Amino acid sequence: MASTSFEMMNAMWWGVLLGIVLVGWLNRIPREVVVSALGPGHTKRGIFRATLAGVLLDLCNHGILMVAMKLYERGASLGQVMAFLIASPWNSFTLTLILFGLIGIPWTLSFIVFSMVIAWISGHLFDHFEKTGRLPMNPNMMDLPEDFKLSSTLKTLTKEADYSPAATGAMLLDGLKGARMVIRWIMFGVVLVALLRAFVPLEIFETWFGASVGGLFLTLLAATVIEVCSEGSTPIAADLVNRASAPGNGFTFLMAGASTDYTEIMVIKDTMKSWKIALFLPLITVPQVLFIGWVMNMMAGS
């Protein structure tokens, strides 16, 4: 258990630290800038920008979670927040390069494209449910002034920003305060993973999680119960692709971090004050993940 805890903290500390920095930085960015950069909510352009931002931001899933919740507080639509969160659990540049070496370029690119498709579809569904009143509207949303110019506002902010050590320290302290809720659930997840790894042998994965419908559902169950940081999930997913000959299972294991992860569900509930929104995350994404995983396994077997 001690070894697992040490391993997980070594894997995720940089993502958590960078997440704290970004949360503190976003606290100092006007809401108008965030909304303008992501594009208007409840639009195709806004969902696409949020999905692309999730793919390009080089953070682990726990750091991404902090940033996503701050985007919600800064006025992004529910669909944009979910698209950003779903697209990015493992899509960091570092892990993408690692996957290139572990499973090859074609499968890695397929994983990236399909994760973006799921994020884009899910973002539209969340925005639709938000607009129709089935899910609570983000109370932080705002309309931009007609004369708002993003480029000139960014130039002004850059010029007038305080770069002193005292201001930087205050920013980091604000980021730590804003990230406390996420860090609390991360610590809970580390303890639970340590318990599970101590009593569940790794050989079970290799024996039970083949390229079948049953293996696909068992993979989803394992990824749901065992919270693994994106750095830890990547080698396991690659092992499912190579040793179990089940690329769909590998994809499912990676994507389940955004679909069923209890840390994310609890943080969403605490931030958005809604169990309904939190539970809609797996309800909307899991069927898509399982279907695409099944298609990938069929492609590999043909």
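Residues numbered from 1 in each chain as written. Predicted model: local features only at pLDDT ≥ 70, side-chain atom pairs only at ≥ 80, totals over all residues. Heavy atoms only, no water.

- An unreviewed UniProt entry lists the chain under the name ATPase, with Litoribacillus peritrichatus given as the organism.
- The heading Subcellular location (unreviewed entry) in the UniProt record of the chain holds the text "Cell membrane".
- Within the UniProt record for the chain, the comment given under Sequence similarities (unreviewed entry) is "Belongs to the UPF0718 family." (UniProt positions renumbered as here; feature names shortened; annotations may be inferred.)

1. Regarding the environment of L281
For step 1, the next point in the chain: For L281, the location among the structural elements is in helix α15 (residues 275-301).
For step 2, the next point in the chain: Accessibility expressed as a relative area gives 0% for L281, which makes it buried.
For step 3, the next point in the chain: Taking the C-alpha atoms as reference, L281 lies 7.6 Å from I265; in sequence the two are 16 residues apart. (Helix = DSSP H or I, 4+ residues; strand = E, 2+ residues; numbered from the N terminus. Buried < 20%, exposed > 50% of the residue type's maximum accessible area, 1.4 Å probe, protein only.)

2. Notes on the layout of surface pockets
For step 1, the next point in the chain: Volume-wise, the largest pocket comes out at about 700 Å³.
For step 2, the next point in the chain: Taken together, 25 residues line the largest pocket, and the ones lying closest to its centre are W25, L26, R28, I29 and M171.
For step 3, the next point in the chain: Of all the secondary-structure elements, those providing two or more residues to the lining of the largest pocket are α1 (2-27), α2 (31-38), α3 (44-56), α4 (61-73), α8 (150-160) and α9 (165-199).
For step 4, the next point in the chain: When grouped by side-chain class, the residues that make up the lining of the largest pocket number 20 nonpolar, two polar and three charged. (1 Å grid on protein atoms, 1.4 Å probe; cavity = no way out; pocket = protein on both sides within 12 Å on 5 of 7 lines; lining within 4 Å. Points joined across faces, edges and corners; volume = space filled by probe spheres on them. Nonpolar A, V, L, I, M, F, W, Y, C, P; charged D, E, K, R; others polar.)

3. A short note on the packing of aromatic side chains
For step 1, the next point in the chain: One pass over the structure, following the stated rule, counts four aromatic pairs.
For step 2, the next point in the chain: Summarising the aromatic geometry, the rings of F114 and F251 are spaced 6.4 Å apart at their centres and angled 75 degrees between planes, so their arrangement reads as edge-to-face. Here F114 is found in helix α7 (residues 105-131), whereas its partner F251 is found in helix α13 (residues 247-259), with 137 residues between them in sequence.
For step 3, the next point in the chain: Overall, the relative accessible area of 0% leaves F251 in the buried class.
For step 4, the next point in the chain: Look at F291 and W294: their rings are 6.3 Å apart centre to centre, the planes differ by 35 degrees, and that puts the pair in the tilted class. Residue F291 and its partner W294 are located together in helix α15, separated by three residues, close to a single helical turn.
For step 5, the next point in the chain: Assessed through its relative accessible area of 52%, F291 is described here as exposed.
For step 6, the next point in the chain: With relative accessibility at 39%, the residue W294 sits in the partly exposed group. (Phe/Tyr/Trp six-rings, centres within 6.5 Å; stacked < 30°, edge-to-face > 60°.)

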